[in-house]
Amino acid sequence: MAAFICGTGSCLPAYRMTNEEWTQYVETSDAWIRERTGIESRHIVREETCVSMAVQAAKSALEQADMEAGEIDLLVVSTISAEHILPCAACEVQQQIGAANAVCFDLNAACSGFLMAYHTALSGIETGMYKTALIIGSECMSHLMNWKDRGTCILFGDGAGAVILKNSSRPFYLPAGHSDGSKKDALLLRSRHSGEIDNFTDPQYYMQMDGQAVFKFAVRQVPEVIREVLKKNGLKQEDIRFFILHQANRRITEAVARHLKEPLDKFPMNVDHCGNTSSASIPILLDEMNRKGELHRGDKIVLAGFGAGLTWSAAVLEW
């Protein structure tokens with residue numbers, strides 16, 4: 001029993017922060033940021049929360065799918081930035097949208113989180129445990145970054161994206177995924193409950209990233225995991241209409257396209273106006289493309305995520 005995406009939704013905070021505004025916090029410029037990342041602006045939460053954005057994205061996906069929340073029997077939220085440790089964000093979303101019949105839990109795989117949640121939902125539907133799943137990536141990355149660290153703060157934005165998966169008779173495609181805990185220090189965020197640091201203003205309480213290490217990892221591993229998932233499913237690159245990557249950095253996407261020897265127009269991007277929204281980036285981009293009419297029935301699409309852990313993953317879906 002395979003599954004297909006029958007609805008998408010997204011939510012971006014109302015406040016849009018331009019590159020120029022970052023000059024108030026760090027030594028930088030619009031030209032410097034654009035050249036190195038491809039980012040022109042990003043959305044930052046003010047009144048919104050991780051859960052409120054997830055709720056809005058979920059409602060939008062339900063409306064597009066013409067479904068009631070009570071039809072959802074699995075609800076997974078991928079996030080590293082929820083306001084509460086307990087209860088999980090998924091249970092808060094369940095209560096607010098009325099998905100009373102759903103099994104709910106959160107998943108933490110950083111920027112790979114949406115793909116890992118997608119794999120989890122696929123396996124549940126394939127085994128017959130669930131019929132309909134709501135998967136949400138929602139992040140308030142602005143709460144986790146050091147606004148004085150130019151190497152990280154300019155990269156991230158906030159937002160949420162959601163997809164609804166429903167069982168169907170379409171082909172089932174095997175996913176691919178990997179983790180390497182030995183590289184954990186490349187992208188690190190310590191818990192404020194660790195007891196290792198004396199005060200919450202210590203920079204070690206915020207996200208720390210070895211940018212060069214992450215860049216080299218992504219450029220090496222993402223093309224490999226894409227080739228792996230295609231081989232697993234007996235597909236060729238020419239069978240794929242779009243390669244939708246985690247939106248971390250335009251230069252990473254361009255490098256992956258070069259490694260695969262594919263034209264850049266097969267690699268849609270929204271990093272220019274969203275920045276890196278971690279596990280929300282892929283579903284936000286899917287929703288943008290869907291609502292623009294850029295995705296058509298029968299299109300084969302590869303999704304690929306990569307992030308802290310280190311983790312990396314890919315999936316094939318048919319629209």
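Our structure's up above, just so we're on the same page.
Here the structure is a predicted model, which means the values were calculated and not measured.

1. What about the overall build of the protein chain?
1) Next: Helices and strands together make up the secondary structure of the protein chain, namely nine helices and 13 strands.
2) Next: If you line up the protein chain on its principal axes, its C-alpha atoms span 55 × 45 × 40 Å.
3) Next: Out of the 319 residues belonging to the protein chain, those deemed buried represent 58%.
4) Next: Within the protein chain, contacts between residues separated by at least 24 positions form 75% of all contacts whose residues are at least 6 apart in sequence.
5) Next: Approximately 13600 Å² of the protein chain is accessible, and the part contributed by carbon and sulfur atoms is 48%.
6) Next: Averaged over its 31 positive side-chain charges, the protein chain has a centre that lies 6 Å from the centre of its 39 negative ones.

2. Points about the sheet that holds strand β4 (residues 74-78)
Neighbouring strands of a sheet are bound in pairs by backbone hydrogen bonds; such pairs are parallel or else antiparallel.
1) Next: The five strands are arranged β1-β7-β6-β4-β5 in an open sheet whose pairing can be described as mixed. The open sheet has two edge strands, β1 (2-11) and β5 (103-107), and neither has a second partner. Within the sheet, the average angular offset between the axes of one strand and its neighbour, ignoring direction, is 20°.
2) Next: Sheet strands touched by helix α4 (residues 113-126): β1, β4, β5, β6 (132-140) and β7 (158-168). Its angle to β6, the strand with the most contacts, is close to 170°.
3) Next: Against the sheet, helix α9 (residues 281-291) touches β1, β6 and β7, its axis set at about 90° to β1.

3. Digging into the side chain of Asp287
1) Next: As for its position among the elements, Asp287 is in helix α9.
2) Next: Asp287 sits in the buried class, given a relative accessible area of 3%.

4. A closer look at the environment of Tyr206
1) Next: Mapped onto the elements of the fold, Tyr206 is located in the loop between β9 (187-188) and β10 (208-209).
2) Next: When the C-alpha atoms of Tyr206 and Ser279 are compared, they prove to be 18 Å apart, with 73 residues separating the residues in sequence.

5. Focus on the packing of aromatic side chains
1) Next: This structure, assessed with the given rule, holds five aromatic pairs.
2) Next: Ring centres of Trp22 and Tyr25 lie 5.5 Å apart, and the angle between their planes is 65°; this geometry places the pair in the edge-to-face category.
3) Next: Accessibility expressed as a relative area gives 0% for Trp22, which makes it buried.
4) Next: Take Tyr25: its relative accessible area is 40%, and that puts it in the partly exposed class.
5) Next: Arranged with centres 5.1 Å apart and planes meeting at 75°, the rings of Tyr25 and Trp147 form a pair that is edge-to-face. Of this pair, Tyr25 sits in the loop between β2 (15-18) and α1 (30-37) while Trp147 sits in the loop between β6 and α5 (150-153); the two residues are 122 residues apart in sequence, bridging distant segments of the chain.
6) Next: Note on Trp147: relative accessible area 25%, which makes it partly exposed.
7) Next: A connected cluster of aromatic rings, assembled from ring pairs, spans Trp22, Tyr25 and Trp147.
8) Next: In this arrangement the basic side chain of Arg150 is found over the ring face of Trp32, its NZ or CZ atom lying 4.1 Å from the centre.

6. Digging into helix α2 (residues 50-65)
1) Next: Compared with an ideal rise of 1.5 Å per residue, which puts 16 residues at 22 Å, α2 spans 23 Å between its outermost C-alpha atoms and is within 8% of the ideal.
2) Next: Looking only at α2, the buried set comprises Cys50, Val51, Met53, Ala54, Val55, Ala57, Ala58, Ser60, Ala61, Leu62 and Ala65.
3) Next: At its buried positions, α2 is contacted by β1, α3 (89-97), β6, β7 and α9.
4) Next: Just past α2, the residue Asp66 takes up positive phi, approximately 55°.

7. What about the sheet that holds strand β8 (residues 176-179)?
1) Next: Spatially, β8-β13-β12-β11 is the arrangement adopted by the four strands of the open sheet, whose pairing is mixed. The open sheet is flanked by β8 and β11 (242-245), the only strands paired with a single partner. Averaged over all adjacent pairs, the angle separating strand axes in this sheet is 15°, with direction ignored.
2) Next: The pairing of strand β12 (residues 300-307) with strand β13 (residues 311-318) spans eight bridges and is classified as antiparallel. Note on β13: the bridge partner recorded for Gly307 is Thr311.
3) Next: Seen against the sheet, helix α6 (residues 211-232) touches β8, β11, β12 and β13 and runs at an angle of roughly 40° to β13.

8. Points about the side chain of Ser41
1) Next: One can find Ser41 in strand β3 (residues 41-44).
2) Next: What Ser41 contacts, discounting residues up to four positions off in sequence, is Arg16, Met17, Thr18, Asn19, Val271, Asp272, His273, Cys274 and Gly275.

What counts as what
- Residues numbered from 1 in each chain as written.
- Predicted model: local features only at pLDDT ≥ 70, side-chain atom pairs only at ≥ 80, totals over all residues.
- Heavy atoms only, no water.
- Helix = DSSP H or I, 4+ residues; strand = E, 2+ residues; numbered from the N terminus.
- Buried < 20%, exposed > 50% of the residue type's maximum accessible area, 1.4 Å probe, protein only.
- Contact = heavy atoms within 4.5 Å.
- Areas by Shrake-Rupley, 256 points an atom, 1.4 Å probe, with all protein chains shown as cover.
- Lys, Arg positive; Asp, Glu negative; His and termini not counted.
- Charge placed at Lys NZ, Arg CZ, Asp CG, Glu CD.
- Pairing = 2+ DSSP bridges.
- Axes fitted to C-alpha atoms, helices over the stretch in contact; angles between N-to-C directions.
- Phe/Tyr/Trp six-rings, centres within 6.5 Å; stacked < 30°, edge-to-face > 60°.
- Lys NZ or Arg CZ within 6 Å of the ring centre and 35° of its normal.
- Expected span 1.5 Å × (residues − 1).

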